[in-house]
Amino acid sequence: MGCAFEREGLRHLWPVWFLSLTLLGSECSRSRVESLNAMNEGAMLAAQKRHIEAVEKLERAIALDPSNDQAYWNLAIVHMELQRFEAARDDLRRAIEANPHKAGYQEKLGTVLVELGDLEGAKRAFERAIEVDPDLFKAYFKLGQVLERLDDPQNALRRYTEAIQKGPRFIEAYRALGRLYADLGYLTEAAQVLRGGLEVVIRGTKDEAELHHLLGTVYQQQGNHEGAVQEFLAALRIEPAMHETLFSLGWTYALMNNREEARRYLRRFVDNASGSAPFHYVKAARDRLAELEQP
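Please read these numbers as outputs of a predicted model, since none were measured by experiment. (Residues numbered from 1 in each chain as written. Predicted model: local features only at pLDDT ≥ 70, side-chain atom pairs only at ≥ 80, totals over all residues. Heavy atoms only, no water.)

**Student:** Explanation requested: the overall build of the protein chain in the structure shown.
**Tutor:** Within the protein chain, the secondary structure is distributed over 15 helices and two strands. Its C-alpha radius of gyration of 24 Å places the protein chain more than 25% over the 19 Å reference for a compact globule of 295 residues. With respect to the three principal axes, the spread of C-alpha positions in the protein chain is 85 × 35 × 35 Å. Burial status across the protein chain gives 48% buried among its 295 residues. Contacts in the protein chain between residues far apart in sequence, at least 24 positions, make up 48% of those at least 6 positions apart. With an accessible surface of roughly 15,000 Å², the protein chain has 48% of that area assigned to carbon and sulfur atoms. Once the 38 positive and 44 negative side-chain charges of the protein chain are each reduced to a mean point, those two points are 2 Å apart. (Helix = DSSP H or I, 4+ residues; strand = E, 2+ residues; numbered from the N terminus. Rg over C-alpha atoms; globule rule 2.2 N^0.38 Å. Buried < 20%, exposed > 50% of the residue type's maximum accessible area, 1.4 Å probe, protein only. Contact = heavy atoms within 4.5 Å. Areas by Shrake-Rupley, 256 points an atom, 1.4 Å probe, with all protein chains shown as cover. Lys, Arg positive; Asp, Glu negative; His and termini not counted. Charge placed at Lys NZ, Arg CZ, Asp CG, Glu CD.)

Here it is in C-alpha cells:
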C-alpha cells in the first residue's frame, strides 16, 4: 500500500507534468523513500533535458517501489518528449493500475493513444477521465476532437459544449465548437459561440485574433460582408501577418466589388505567403488578382 503522505504536499517543481511528493511520515519504508528521491532526481534531469539519464533514474524509482504511480507518470512524460509513445502508453497504464483515481492519468493516456492512432482507445480513456473528474474540461475537449475524427459530429458538439461549461475561459473549445457548427451549416449557432468566446478572451492575444477571424468567416458565409470585413480587420489589428485572414479579407472585398481593397489585401497575402500558405490559396488569390486588374 506504500506509506502515508499528505496528498496536498504535491508541488509543481518542474514544468506542470513533473510532480514531486513531500514526504511527511516516518513510517515510510526505506524503499519508498529511495524511490521518491530517485523520482525527484529523474524529474530534475528531465527538466534539464537530460532525457536518457532521467529515464534511467525513473526506472530505478519504479524498481524500488512498483506502487509509485508518480514515477510511472513522470516516466511517461519523458517518453512522450522522446516520441516513444508506445512506451508512454505502457507507463500510463501502469500508473493507472497503481492509482486509478487520478483523472489526469486517463486524460494523458487518451492523448498518447491519439498519437498512436487508437481513437477508440482514446475515446474510452477520455470518458474514464471524465468519470473520475467531471470537471476536467480538457478531457471533454479532447473527447470532442476524437469524436470528430470518428465521424460523430453531434456528440462532438455536445462534448465541446461541455468543455466550455466546465472551463468557460478555455478558448480552444469556443474555436472548435464554433468551427464545427459552421462546418455543419449551423451558422447562427456558430456566430453565437464565437461571440461568447470574444466576451471572455484576453484582449490583444492571438486567441482573440483567431476568434475574430472565425467569426468573420461565419459572417461571410451568411452573406454579411460588412460584418465579415470588420471581424477580419479586428483580427489583423492584433496579428497583422495572419495569412488566412489577409486572404479572406481580400476575397470578401472582391465579393463586395471593392476592387481597390480587394487588390490591396490579396496582394499582401501573396507577397507574405512565401511558401507557408497552401498552394491552392495562393493560386486562387493570384487568379482573382488577375481578374481584378483587368479593366
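**Student:** Whenever I open this one, the side chain of arginine 159 confuses me. Can you help?
**Tutor:** Mapped onto the secondary structure, arginine 159 falls in helix H8 (residues 153-166). Every residue in contact with arginine 159, bar those within four places of it in the chain, is listed here: Ile130, Tyr140, Leu143, Gly144 and Leu147.

**Student:** Explain helix H7 (residues 137-149) here, please?
**Tutor:** What sets the pattern is the α-helix's 3.6 residues per turn: residues three or four places apart point alike. Here H7 is 13 residues long and its end C-alpha atoms lie 19 Å apart, about the 18 Å a rise of 1.5 Å per residue gives. Those residues of H7 lying buried are Ala139, Tyr140, Phe141, Lys142, Leu143, Gly144, Val146 and Leu147. Contacts made by the buried residues of H7 are with helix H5 (103-115), helix H6 (119-132), H8 and helix H9 (171-183). Within two residues after H7, aspartate 151 carries a phi angle of roughly 60 degrees, on the positive side. (Expected span 1.5 Å × (residues − 1).)

**Student:** I keep staring at the environment of isoleucine 52 and nothing clicks. Help me out?
**Tutor:** By the secondary structure assignment, isoleucine 52 is in helix H2 (residues 51-64). If sequence neighbours within four positions are ignored, isoleucine 52 has contacts with Leu82 and Arg84.

**Student:** Honestly, the pattern of salt bridges in this entry has me stumped. Any pointers?
**Tutor:** Two side chains carrying opposite charge are able to pair once their charged atoms lie near each other. Summed over all chains, the structure comprises 20 salt bridges. A salt bridge links lysine 166 to aspartate 135, with the shortest nitrogen-to-oxygen separation between them at 3.7 Å. Of this pair, lysine 166 sits in helix H8 while aspartate 135 sits in the loop between H6 and H7; the two residues are 31 residues apart in sequence, bridging distant segments of the chain. Classification of aspartate 135 as exposed rests on a relative accessible area of 51%. Two residues, glutamate 208 and arginine 203, come together in a salt bridge whose shortest N-O distance is 3.5 Å. A residue is classified by how much of its surface remains accessible, and arginine 203, at 52% relative accessible area, is exposed. (Salt bridge = Lys/Arg side-chain N within 4 Å of Asp/Glu carboxyl O.)

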